[in-house]
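Examining the three-dimensional arrangement
Okay, here's what each chain looks like letter by letter:
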Amino acid sequence: MPLSDQEQIRRNSLEELRKLGINPYPAAEYKTNAFAEDILENFDSTKTDFAGVSMAGRIMSRRIMGSASFAEIMDSTGRIQIYLKRDDICPGEDKTLYNSVFKHLLDIGDIIGVKGFVFKTQTGEITVHVKELTLLSKSLRPLPVVKEKDGTVYDAVTDPELRYRQRYVDLIVNPPVRDVFRKRTQLIQSMRELFNSKGYLEVETPILQPIPGGATARPFITHHNTLDMPLYLRIANELYLKRLIVGGFEGVYEFAKDFRNEGMDRTHNPEFTVMEIYIAYKDYNWMMNFTEQIISKAAIDLHGKAEIPYGDKIINLNPPYRRVTMLDAIKEFTGIDISAMDEPTLRKTCDGLNVPNTPEMGKGKLIDAIFGEKCEHHFVQPTFIIDYPAETSPLTKMHRSKPGLTERFELMINGKEIANAYSELNDPVDQLERFQEQLRLSEKGDDEAMFIDLDFVRALEYGMPPTSGMGIGIDRLAMLLTNQPSIQDVLLFPQMKPEGQKPKAESEESEYLDLGIPAEWILPLKKLGFTTIAMLREAGKAGKLANDLNGFNKKNKLGLAGLSTEVVGSWLEKI
RNA sequence: CGGCCCGUAGCUCAGCUGGUAGAGCACGUGACUCUUAAUCAUGGGGUCGAGAGUUCGAUCCUCUCCGGGCCGACCA
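From a predicted model like this one, the values you see are computed outputs, not experimental measurements.

So, on to the packing of aromatic side chains. Summed over all chains, the structure comprises 14 aromatic pairs. Where F195 meets F290, the ring centres are 5.9 Å apart and the plane angle is 45°; that geometry is what we call tilted. Separated by 95 residues along the polypeptide, F195 in helix 7 (residues 175-197) and F290 in helix 9 (residues 284-303) bring together distant segments of the chain. Between Y321 and F384 the ring centres are 5.7 Å apart and the planes differ by 35°, which places this aromatic pair in the tilted class. Taken as a pair, Y321 in the loop between strand 15 (313-316) and strand 16 (322-325) and F384 in strand 17 (residues 383-386) lie far apart in primary sequence, 63 residues in all. One exposure class covers both Y321 and F384, and it is buried. One aromatic cluster is present, formed by F195, Y200, Y253, F255, W286 and F290 through successive ring pairs. Note that R62 overlies the ring of F102, its terminal NZ or CZ placed 5.7 Å from the centroid. Over the aromatic face of Y388 sits the side chain of R408, whose NZ or CZ is 4.6 Å from the ring centroid.

The subject of this paragraph is the sheet that holds strand 2 (residues 68-75). If you trace the 5 strands once around the closed barrel, you get 1-2-3-5-4, paired in mixed fashion. Neighbouring strand axes in the sheet, compared pairwise and without regard to direction, differ in orientation by 50° on average. Sheet topology places strand 2 next to strand 3 (residues 78-85); 8 bridges connect them, and they run antiparallel. Counted as the bridge partner of E72 is Q81 from strand 3. Against the sheet, helix 4 (residues 96-105) touches strand 1 (53-65), strand 2, strand 3 and strand 5 (126-137), its axis set at about 80° to strand 1.

Time to look at the side chain of D107. For D107, the position within the fold is in the loop between helix 4 and strand 4 (111-120). Since its relative accessible area comes to 12%, D107 is described here as buried. In contact with D107, not counting residues within four places along its chain, are R10, S13, I59, R62 and K138.

In the region of RNA strand B, 58 residues are neighbours, and Q122, T123, E161, T216 and E262 sit closest. Q6 is positioned such that a nitrogen or oxygen atom in its side chain is 3.0 Å from a base nitrogen of RNA strand B. The contact in question runs from a base nitrogen of RNA strand B to an N or O atom on the side chain of D155, over 3.4 Å. Elements with a minimum of two residues in the surface near RNA strand B: helix 1 (5-19), strand 1, strand 2, strand 3, strand 6 (147-149), helix 5 (160-165), strand 18 (408-413) and helix 19 (542-555).

Rules used throughout
- Residues numbered from 1 in each chain as written.
- Chains lettered and ligands numbered in written order.
- Predicted model: local features only at pLDDT ≥ 70, side-chain atom pairs only at ≥ 80, totals over all residues.
- Heavy atoms only, no water.
- Phe/Tyr/Trp six-rings, centres within 6.5 Å; stacked < 30°, edge-to-face > 60°.
- Helix = DSSP H or I, 4+ residues; strand = E, 2+ residues; numbered from the N terminus.
- Buried < 20%, exposed > 50% of the residue type's maximum accessible area, 1.4 Å probe, protein only.
- Lys NZ or Arg CZ within 6 Å of the ring centre and 35° of its normal.
- Pairing = 2+ DSSP bridges.
- Axes fitted to C-alpha atoms, helices over the stretch in contact; angles between N-to-C directions.
- Contact = heavy atoms within 4.5 Å.
- Near = heavy atom within 4 Å.
- Polar contact = N/O pair within 3.5 Å; in protein donor to acceptor, adjacent residues only side chain to side chain.

Rendered as C-alpha cells:
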C-alpha cells in the first residue's frame, strides 16, 4: 500500500525528530499528577492548587499564532486546552523546540507530556500554560478531526464500518463511546458486588466442552489434536454450574462468554456474554424478586435512578415487575385460550394466526412460536413471563400445581428477553427422560434439541438441593442501560467479516521496458492501475489505453509526446 | 437466505440527461503573542470499493463480486 501524502509527511517528521536527537518513542515513565477532568472541575483561580501540573495526552487540535499557540490534549478523562509560548518552552537562544518541533514536526494525534500551570484565558477557558513539552509517541496516521461548537459536532465519524473495525479510532474521536463501555463495566461490577455481598462464589467453567449442553443452539465445533476429539465452544455453562451446587456451594455465578453458530443481527453476535447464577434452596419465585433487585440496582448504579430512556421510550425498572403466565399473555394478545389444546388444534391455531410452523414442531414449540410472534414485542415495560411448556424447558422442574407446565420465567424488557430462569430440575430420572425426549426430537429433525450429558445426570443422582438458576444476557442489558440500538455498540470488537485483501506486488520496471514501453510512461501506467504486466495483458483495446494515457498526460501536465494506438498496440502484442 | 440503501481525498460529504471529479475540515508553505469550528494568503492530494459489459468516451447506465447498514427469514 502506498502511503498517502499526509502519512509520508508524518514519516518525514519522524526522521527529522530523530535527526534532532528526539526519540519519538521514549521508554521512560512520564510522571503525571493531574487529569483534565479534575482540573476543569476543581480549578479556582484564587487558589494555587494547580500551579505545577504534569499531564499527558493526545493532541486533538492546534491553533498556531506565530510565537504562541493553543492546542487541546485529551487524556483518559477528557480534553483540556494548553497554551504554549515560544519563549516559555524555549527559554534559551535555541527556539527549535517551538519553531520546528511543535509547529512543524508534531501533529494532531501525537501523544505528548506537558508540565506547567493552570490559568484562565481572557475568554474564560481553563488552560494549562506549558513550560515544558515532551514528545511521548509520534502518530503516523492522520486521525479524523471532529470539531465541535456550541454542542454541535462537525464531521463526526459515524460510519459503522470504521467505528467497529477500528474501535480505537472510534474511542478517540467519539467520547460518548468510551462512556458506554465504562457503563458496561460498571454494570458487571454492580452485579458482582451484589452477588459477593451475599456470599455467592464467582467461578470459571470450561469454554471448550465435549458436550455442548445447557441450551438449545448450534455450537461451533473445533478439534483437539492431542486428545484427537472434537470439542465444542460452549453455548451455555448451566450444567457445569449445577454440578457445583451438587458439590455443596450455596451459590455460584459466572460471567461467561457463550458462542452460538447462528444468525447475526442487531441483537445477536456469535460470541456474547451471559451471567448465570445458581442458588441452592431457592425457587423461581425467589429468583424473580432477586432479579428485580439486580436490575434495579444496576440501573441506579449507572443512572442514579431506575427510570431510564431507551430510544423514544422511558422504561421504569423499579420493582415490582408485572408477572403474566405465558398462556395469559397469549390470551391477552390473541384472544385465544390455548390451555386445553392438543397438538393438531394448536397447529390449526397457528395457521389461523399466520404463525409459521413446521411438522417437526411439538406442542411446546408451537406455543412458543405464537408467543414469539404475537406477544413478545408488546412487553416494553419489564414483565416476567412465567410457566413455560415442558417441551421447550428440558432442564426445568415441573410446575408444583399446573400440569404440563414448568416453573420457568423470562424477563422481557423492551420486547426482548433479558433474563431466563427456573426452578432447576433435580430429579435425575426425570432429567434423563427429558434428555431422551430431546434426542427423539433431534431425530425428528429439530437440530436445536439437546445432547445427552450423562455425567450431568450422574451428578444429579448424587442429589442436588432444590435450586433456582437464572441467566442474564449482559450485552442486551448493557444495550438497555446505555441506550444503544445495536449489540455492536456495546461490544468493543463486534464480529466482522475480514477486510478485502490488498493488491499483489507490482511488476518490476524492467518488465515494462522489455515490452518497449518508454520509462516515462511506466508511472502513468501504474497510476492508471496497471501495476503488473498481467493487468496490462487484460487491458484490452490499445485505442482505449492510448486514450487513457494521453488523458493522464494532459491532466497531470506531464508534457510527454502523445501516444498513438499503434505504438500502444505494439506493447500489448509483446506480452 | 430475500428486499431496500450505501461505498468518491486522511475525515464528513456534493457531483445535473454519460464528456475521467468538487467543497469544508485535515495536510504543505508563509503571516500572526489570549485563540477556540481561530483567522488570512497560497499550494498539494483521487485505481470515484473490485471486475466485466454497453459506448468514441462511464463516478454516473447494465451485470457479477467484495464490504457495510436497515428491514424481513432463520435463530433465544
